[in-house]
Amino acid sequence: MKFKNLRIFGGRAKPAEPDFSRLPQHIAIIMDGNGRWATARALPRTAGHRAGSENFRRIATLCNDIGIRYLTVYAFSTENWSRPKEEVDTIMSLFREYLTEACSELTKKNITLKIIGNTEPLSPDIRELIRETERLSLGNTGLHVNVCLNYGGRAEIVRAAQLLAERVKRGELEPEQIDVACFESCLYTAGIPDPDLIIRPSGELRSSNFLLWQSAYAEFYTTPVLWPDFGREDLFRAISDYQSRSRRFGGLEKR
Ligand code: IPE
Ligand code: IPE
Ligand code: MG
């Protein structure tokens, strides 16, 4: 079985090792704490973003190895533009680096990449890299990685409302035909199952505008560990914790 490959990551089974036969289908991560990680080491915040982007590669590879189907990461929010220009520029350069590398790496790893968010304000070369990487990785059958870039849950919902209003205006849709499924088809995540587990490293207890619609029945998990330090054991602990929860979706516990 696939998860047996984990032995190559070394070590005996840890108590926190999850049940690999009932993994969450979709894990979402708010990759937070890069700045604090750097500050704690007397490094510039940008060094934290670099360490965070390296960790994203490690965690995506691990999720692929254990057989997770969807991984969605919050990389840059619609509010993150308010940071100093130097910090934003570094984050954009890291995307550029990642996307360039992803063009050749993702097919080898059998991973599909999708960028979620409004890519219009991004620089033309990054937009071109996004198109190219998405095209090249389409059809891979392993992990689906969704990177939320210039993403905000509120902006996503407003965009969906605008798309629907336009269809109503054109006479293609009656207002009463708008239901949950119809609305979901206008979100960036159309066709992607809702996240089962949302992880926020760095100890914050808020969503910060992440997957507002899709998180309706997600299980939340937070840890004080900062994102660049969030490793295999932390992921396994989060999954084990998720597996101990009772998900009722408004109904009653199954007996
Ligand atoms: C998350 O780390 C990365 C982005 C928001 C782009 P932060 O930069 O928010 O790190 P902290 O929260 O300041 O430690
Ligand atoms: C959320 O983290 C956004 C990303 C991780 C990309 P922030 O650091 O921007 O959130 P706040 O400001 O602590 O709420
Ligand atoms: Mg933060």
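Attention here is on the structure that accompanies the text.

Thresholds applied
- Residues numbered from 1 in each chain as written.
- Chains lettered and ligands numbered in written order.
- Predicted model: local features only at pLDDT ≥ 70, side-chain atom pairs only at ≥ 80, totals over all residues.
- Heavy atoms only, no water.
- Helix = DSSP H or I, 4+ residues; strand = E, 2+ residues; numbered from the N terminus.
- Rg over C-alpha atoms; globule rule 2.2 N^0.38 Å.
- Buried < 20%, exposed > 50% of the residue type's maximum accessible area, 1.4 Å probe, protein only.
- Expected span 1.5 Å × (residues − 1).
- Core = buried A, V, L, I, M, F, W, Y, C linked by side-chain atoms within 4.5 Å.
- Contact = heavy atoms within 4.5 Å.
- Phe/Tyr/Trp six-rings, centres within 6.5 Å; stacked < 30°, edge-to-face > 60°.
- Axes fitted to C-alpha atoms, helices over the stretch in contact; angles between N-to-C directions.
- Parallel < 35°, antiparallel > 145°, perpendicular 65-115°, else oblique.
- Left-handed = near helix turned anticlockwise from the far one by under 90°.
- Nonpolar A, V, L, I, M, F, W, Y, C, P; charged D, E, K, R; others polar.

1. Structural notes on the overall build of the protein
What the protein contains, in helices and strands, is seven helices and six strands. Counting from the amino terminus, helix and strand elements in the protein follow one another as β-α-α-β-α-β-α-β-α-α-β-β-α. Whereas a compact globule of 255 residues would reach a radius of gyration of roughly 18 Å, the protein reaches 19 Å, a difference of no more than 12%. Here the C-alpha coordinates of the protein stretch approximately 60 × 55 × 35 Å along the principal axes. Out of the 255 residues belonging to the protein, those deemed buried represent 46%.

2. Some thoughts on helix H2 (residues 45–66)
In a regular helix each residue adds 1.5 Å, so 22 residues correspond to 32 Å; H2 covers 32 Å between its end C-alpha atoms and thus fits that length. Gly67 lies just past H2 and shows a positive phi near 95°.

3. Looking at the nonpolar core
Ranked by size, the top nonpolar core spans 44 residues in total, and within it Ile27, Ile29, Phe56 and Ile199 carry the most contacts. Counting residues per element, this core draws most heavily on helix H3 (residues 85–109), which supplies eight residues. Beyond its immediate stretch of four places on either side in the chain, Ile27 contacts Ile68, Tyr70, Leu71, Thr72, Leu197, Ile199, Leu235 and Ile239. Ranked by size, the runner-up nonpolar core spans 13 residues in total, among them Tyr70, Tyr151, Tyr188 and Ala218.

4. A few points about unusual backbone geometry
Of note in this structure, Ala42 is not a glycine but carries a positive phi near 55°. Mapping Ala42 onto the fold places it in the loop between helix H1 (34–39) and H2. Ala42 gets classed as exposed once you look at its relative accessible area, which sits at 73%. Positive phi, normally seen in glycine, also occurs at Leu211, with a value near 40°. With respect to the secondary-structure elements, Leu211 resides in the loop between strand S5 (197–201) and strand S6 (219–223).

5. Some thoughts on the packing of aromatic side chains
The full count for this structure, using the stated rule, is ten aromatic pairs. Seen in terms of ring centroids, Tyr74 and Phe210 are 4.5 Å apart; in terms of plane orientation they differ by 15°. Their pairing is stacked. Linking Tyr74 in strand S2 (residues 70–77) with Phe210 in the loop between S5 and S6, this pair joins segments that are 136 residues apart in sequence. Of the two residues, Tyr74 and Phe210, neither departs from the other in class, the shared state being buried. Geometrically, the ring pair formed by Tyr151 and Phe210 is edge-to-face, given 6.4 Å between the ring centres and 85° between the ring planes. Here Tyr151 is found in strand S4 (residues 144–151), whereas its partner Phe210 is found in the loop between S5 and S6, with 59 residues between them in sequence.

6. Describing the packing of H2 against helix H7 (residues 232–243)
Close contact between H2 and H7 brings their axes to 11 Å; oriented N to C, the two are set at 55°. Comparing the axis directions of H2 and H7 gives the class oblique. Judged by the sense of rotation from one axis to the other, the crossing of H2 with H7 is right-handed. Contact with H2, carried on its side by Leu62, Cys63 and Ile66, involves Arg232, Leu235, Phe236 and Ile239 of H7 and no other residues of that element. The class makeup of the residues in the contact of H2 with H7 is six nonpolar, no polar and one charged.

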